[in-house]
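Next come the chains, spelled out residue by residue.
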Amino acid sequence: MAKESANNAVKQRRAELNLTQQEAARRADVSLATWRRFENNADSAGALDGFRADNLQGFARALKLSVTALKHLTDAGVTPGNDERVETDHPASDVVQLFNRSFTGEPLTPADAMALASTVDFSDFAPTRDGKLHLDTSFTYEFAAYLKGEATIRDVGLLRDLPELALTQVNNHWLVRMGERIMRIGSELGKGRVPRPQCLADEYALWIVIQNTDPPQIGDVLDMFPGLRNADDVFGHDPDVDEPDDDRAIREEWMNRMAGGLLPPDESHSHRRYDLTLMEAYGQGVYDPGDPRHPLRWFDRDDLRERCTSELAFVRLPKEEQEARTAEAFNRMSEILRPGTAGTSHCP
């Protein structure tokens, strides 16, 4: 067994979080012996060698770090107390304050936002400063192994949930760009902003992250970030819980609330993600690169941010007000198209 250093960065980080080795091992979902082997060798060269990818994600989760930050933490000479401290952006208490202040329940509670952010942070696609993927720091083993031909795309977390009709027509460059759209979600949330889709790739990235996130009620995000406001704190009740013992129903209701709050309404973009979902179900594909549903067109920027905001606001209005606004718009168009008004300026 390696001799434990007085400057053991992992031990210091665990002490900052007031965790015993047993508690850290439980949060990492590893045995106590595995945690001790990891911690005792943390300041040695190749400290992470020999551990599986899911072990690394567990170690990072227990220490409240991304996998990228964990790798930096175990580098020689990098300890939480020196000038090269791991960039975790903010101490945990500051992060909690930021999320409590930024997310008010419309559409995300602080706990919702933290759960989604954690899914990105503990994936292959932890956010970086420049928003780009880097093979030496951004990837954990699954995606790196895929790029080297040692694994299939179905071994890569999050990306494996893309529709088959997309994965059969794209290359590694496309997948890297998709990973960067996933990173953007984590980056936006980390800045206290609600992630809004700017292109079809963003819609898929958001949906994939939602699918792979446990609702805060049945996850450990509230244990990891004490003081984080949950649905009960924000709404005065938990809107996702009809039957507290039915975890499946809780998850389904939470996913519906996330999708309804973050994604454009299906009826507004039925030619895009919704249409592709139907085509996937029937084993169909899109082969014309000029088709806006083709994977090569997913990254085309459009006005989805403004459209999403305005359309979400409209569909949430009472039915009577929706009808009134529709009638008002129809009357304005009738005035414009009325004979004798053609060519008339309508600018003030």
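Preceding block: the structure.
Structure report, in brief. (Residues numbered from 1 in each chain as written. Predicted model: local features only at pLDDT ≥ 70, side-chain atom pairs only at ≥ 80, totals over all residues. Heavy atoms only, no water.)

## Some points on helix α14 (residues 247–262)
Rules: Each helix is a run of H or I in the DSSP string that is no shorter than four residues. Each strand is a run of E no shorter than two, and both are numbered from the N terminus. The span you would expect from a helix comes to 1.5 Å times its residue count less one. Exposure is judged per residue with a 1.4 Å probe applied to protein chains only, and the accessible area is read against the type maximum: over 50% gives exposed, under 20% gives buried, and values in between give partly exposed.
Taking 1.5 Å as the rise per residue, α14 with 16 residues should run 22 Å; its terminal C-alpha atoms sit 22 Å apart, in good agreement. All of the buried residues along α14 are I250, W254, M255, R257, M258, A259, G261 and L262.

## As for the packing of aromatic side chains
The following threshold applies: For Phe, Tyr and Trp, where Trp contributes only its six-membered ring, two rings pair if their centres lie within 6.5 Å, and the inter-plane angle classes them as stacked under 30 degrees, edge-to-face over 60, or tilted in between. A ring is considered to have a charge above it if a Lys NZ or an Arg CZ atom is located within 6 Å of its centre and within 35 degrees of its normal.
Scanning the entire structure with this criterion turns up nine aromatic pairs. Centroid distance F38 to F51: 6.1 Å. Interplanar angle 90°. Geometry classified as edge-to-face. Here the residue F38 occupies a position in helix α3 (residues 32–40), and F51 occupies one in the loop between α3 and α4 (53–62), the gap between them amounting to 13 residues. Here the two residues F38 and F51 agree in accessibility, since each one is buried. Ring centres of Y204 and W298 lie 4.3 Å apart, and the angle between their planes is 5°; on these two criteria the pair is classed as stacked. With a gap of 94 residues between them, Y204 in helix α11 (residues 200–211) and W298 in the loop between α15 (273–281) and α16 (304–315) connect regions that are remote in the sequence. Look at W298 and you get buried, because its relative accessible area is 0%. Here the aromatic residues W35, F38, F51 and F59 are joined through ring pairs into a cluster of three or more. Above the face of the F299 ring, R177 is positioned so that its terminal group lies 4.1 Å from the ring centre.

## Things to note about the layout of surface pockets
For clarity, the cut-off: Each cavity reported here is a set of points on a 1 Å grid over the protein atoms alone in which a 1.4 Å probe fits but cannot get out, each pocket an open set with protein on both sides within 12 Å along at least five of seven lines, and each lining residue one with an atom within 4 Å of a point. Grid points are joined across faces, edges and corners, and a volume is the space filled by probe spheres set on the points. Residues are sorted three ways: Asp, Glu, Lys and Arg are charged, Ala, Val, Leu, Ile, Met, Phe, Trp, Tyr, Cys and Pro are nonpolar, and all the rest, Gly among them, are polar.
Of the volumes computed, that of the second largest pocket is approximately 570 Å³. Here the lining of the second largest pocket gets three residues from one element, more than from any other, and that element is helix α7 (residues 110–121). Of the residues assigned to the lining of the second largest pocket, the class counts are seven nonpolar, eight polar and seven charged.

## Quick word on the side chain of D202
Stated precisely, the cut-off is as follows: Think of a polar contact as two N or O atoms within 3.5 Å of one another; within protein, one of them needs to be a possible hydrogen donor and the other a possible acceptor, and neighboring residues in sequence only count if both atoms come from side chains. Two residues form a contact once any of their heavy atoms are found within 4.5 Å.
Tracing the sequence through the fold places D202 in helix α11. What makes D202 buried here is its relative accessible area of 2%. Within the structure, the side chain of D202 is placed 2.7 Å from the side chain of R181, a separation counted as a polar contact. A distance of 2.8 Å separates a polar atom in the side chain of D202 from the backbone nitrogen of Q198. Non-local contacts of D202, meaning those with residues more than four positions away in its chain, are made with R181, R184, R196 and P197.

## Overview of the side chain of T109
Here T109 lies in the loop between α6 (92–102) and α7. Setting aside chain neighbours within four positions, we find T109 in contact with F103, R229, A231, V234, F235 and R257.

## Some thoughts on the pattern of salt bridges
Using the following cut-off: By convention in these notes, a salt bridge is any Lys or Arg side-chain nitrogen within 4 Å of a carboxyl oxygen on Asp or Glu.
The final tally for this structure, using the stated rule, is 10 salt bridges. A salt bridge links D202 to R184, with the nearest nitrogen and oxygen atoms 3.7 Å apart. You can see D202 sitting in helix α11 and its partner R184 sitting in helix α10 (residues 172–190), a full 18 residues away along the chain. As far as the burial class goes, D202 and R184 line up, both buried. Residue E188 is joined to R193 by a salt bridge in which the shortest nitrogen-to-oxygen separation is 2.7 Å.

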